[in-house]
Amino acid sequence: MTLTQKNKERIIRFIAVREFYESLRDRLKLELVAGESGLEKNIQEQSLNRPAAALTGYFKYFAWKRIQLFGAGEMGYLRDLGTADEEKVLRKLFEHKFPCLLISRGLKPSKIMKELANQFSIPVMRSSLSSKELTTDATLLMEEYFSPQTSMHGTLLDIRGVGTLICGESGVGKSECALALIERGHSLVADDLTYVKRLSDHELIGSPSELSRGYMECRGLGIINVAELFGVRSVRPKKRIDLVINFINWTPDIYEDRIGLDQKFHEVLGIKVPLVEIIVRPGRDMAQLVEVAAMMQAFKHMGHDSASEFNERLIAHISAEGKKK
């Protein structure tokens, strides 16, 4: 069976200033103070820019697609200018039509800044956070928002710290296996459908939908409230995906890897994730096999590969036996 993403990859190219403000207002402690008519503008880059050079009139490398951040230094510089010079400096800046302006430390914008923001329809927001906190938090939140996304048909669990995504055809026993693993003390992240984000070049984060978080479907039992039955520690809101396990129904002619020397991978959003294929047939304890597979993956991260180590011992043994002869 070939694993496939349920939906096409989704790449976020921009975010509206209104969405940025409304979704992050509480987390970044934002207050809109001017330029409300420009909330429909788009933010096209996920970084913030400190326009210190632009305030002196140097615009050659001005990052106008980014959110502009004014801290104590920028605001102090404007206060030291006369009214006419402040207007001249800010007018040149606002003419570049950047998405919006953030002011840190709860500093109040001047009357001229508000008038120009309204005139050029550039939203001005202030935050009680320091410049460092605002830059760090906003950048991390924007990076998460702009991250490539997809969804996969599979159940994601945290098995002893290893994010394990169990995939397979419908009815193959993914939820039943997940239920057995939860009963053993492991945690459910998402059942049946997992939403995946690529946060960096080597990290995938899986999460459930808001509607299904903490619930799972088990054939014959119906919908189960996992936290209610097994406790709050049995549910996690998100988890890094470290391993993909694919359940395959047994057929008489199917090939089963009995050594495990050849590591397989499944590519998700451009990142190769270790893949283990487990054959499903009567009498096999699938939960135990998945648990051991996750533990083996954890050991591989620490530099221990059982198959490779055994293969080296076998080669050394054969070599020693050959010398005896």
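Now for a description of the structure that goes with this document. (Residues numbered from 1 in each chain as written. Predicted model: local features only at pLDDT ≥ 70, side-chain atom pairs only at ≥ 80, totals over all residues. Heavy atoms only, no water.)

**Here's the deal with the environment of Leu-24**
Formally: In this description a helix means any DSSP run of H or I spanning at least four residues, a strand means any run of E spanning at least two, and both kinds are numbered starting from the N terminus. Here, residues are in contact when the closest pair of their heavy atoms is within 4.5 Å.
Secondary-structure assignment places Leu-24 in helix α1 (residues 17-28). Each C-alpha atom, one on Leu-24 and one on Leu-141, is 8.3 Å from the other, the two residues being 117 residues apart in sequence. Not counting the four nearest positions on each side in its chain, Leu-24 is found in contact with Glu-19, Lys-29, Leu-30 and Leu-141.

**Here's the deal with the side chain of Thr-194**
Test applied: Between N or O atoms, a polar contact is any pair within 3.5 Å; within protein, one atom must be a potential hydrogen donor and the other a potential acceptor, and residues adjacent in sequence are included only when both atoms are from side chains.
Examined against the element boundaries, Thr-194 turns out to sit in strand β11 (residues 193-200). Of note is the side chain of Thr-194, whose polar atom sits 3.0 Å from the backbone oxygen of Gly-154. Not counting residues up to four positions away in its chain, the partners in contact with Thr-194 are Thr-150, Ser-151, Met-152, Gly-154, Thr-155, Leu-156, Leu-165, Gly-206 and Ser-207.

**Notes on unusual backbone geometry**
Short version of the rule: Whether a residue is buried, partly exposed or exposed follows from its accessible area with a 1.4 Å probe, protein chains only, as a fraction of its type maximum: under 20%, in between, or over 50%, in that order.
For Asp-192, which is not glycine, the phi dihedral falls at a positive 75°. Position of Asp-192 relative to the elements: it lies in the loop between β10 (187-190) and β11. Here Asp-192 falls in the partly exposed class, since its relative accessible area comes to 33%. Of note in this structure, Leu-269 is not a glycine but carries a positive phi near 55°. If you trace the backbone, Leu-269 turns up in the loop between β17 (264-268) and β18 (271-280). Its relative accessible area of 3% is what places Leu-269 among the buried residues.

**Considering the environment of Ser-130**
For Ser-130, the location among the structural elements is in the loop between β7 (124-127) and α6 (131-146). The spacing of Ser-130 and Ser-104 is 26 residues in sequence and 5.5 Å in space, taken between C-alpha atoms.

**A short note on the packing of aromatic side chains**
Let me state the cut-off plainly: Each aromatic pair joins two rings of Phe, Tyr and Trp (for Trp, the six-membered one) with centres within 6.5 Å, and gets the label stacked for planes under 30 degrees apart, edge-to-face for over 60, and tilted for any other angle.
Within the structure shown, the criterion is met by 5 aromatic pairs. Relative to Phe-62, the ring of Phe-59 lies with its centre 5.6 Å away and its plane at 90°, an arrangement referred to as edge-to-face. According to the relative accessible area criterion, Phe-59 is buried, its value standing at 19%. Owing to a relative accessible area of 11%, Phe-62 belongs among the buried residues under this scheme. A ring pair is formed by Phe-62 and Phe-98, whose centres lie 6.5 Å apart and whose planes are at 85°; its orientation type is edge-to-face.

**Some remarks on α6**
As a reminder, the rule being used: The span expected for a helix works out to 1.5 Å for each residue beyond the first.
A rise of 1.5 Å per residue sets the reference length of α6, with its 16 residues, at 22 Å; its end C-alpha atoms lie 22 Å apart and thus fit the reference within 8%. Among all positions of α6, only Ser-131, Leu-134, Ala-138, Thr-139, Leu-141, Met-142 and Phe-146 are buried.

**Focus on the packing of helix α7 (residues 174-183) against helix α9 (residues 286-301)**
For clarity, the cut-off: In this description, a line fitted to the C-alpha atoms serves as the axis of each element, helices being fitted only across the stretch in contact, and the angle between N-to-C directions of two axes falls anywhere from 0 to 180 degrees. We call two directions roughly parallel when the angle between them is under 35 degrees, roughly antiparallel when it is over 145, roughly perpendicular when it lies between 65 and 115, and oblique otherwise. Should the near helix be turned anticlockwise from the far one by less than a right angle, the crossing is left-handed, and should it be turned clockwise, the crossing is right-handed. Under this grouping Gly is polar, as are all residues other than the nonpolar Ala, Val, Leu, Ile, Met, Phe, Trp, Tyr, Cys and Pro and the charged Asp, Glu, Lys and Arg.
Where α7 contacts α9, the axes come no closer than 8 Å and their chain directions differ by 70°. Viewed along their axes, α7 and α9 adopt a mutual orientation that is roughly perpendicular. Between α7 and α9 lies a crossing whose hand is right-handed. In contact with Cys-177, Ala-180 and Leu-181 of α7, α9 contributes Met-286, Ala-287, Val-290 and Glu-291. In terms of residue class, the contact of α7 with α9 is built from 6 nonpolar, no polar and 1 charged.

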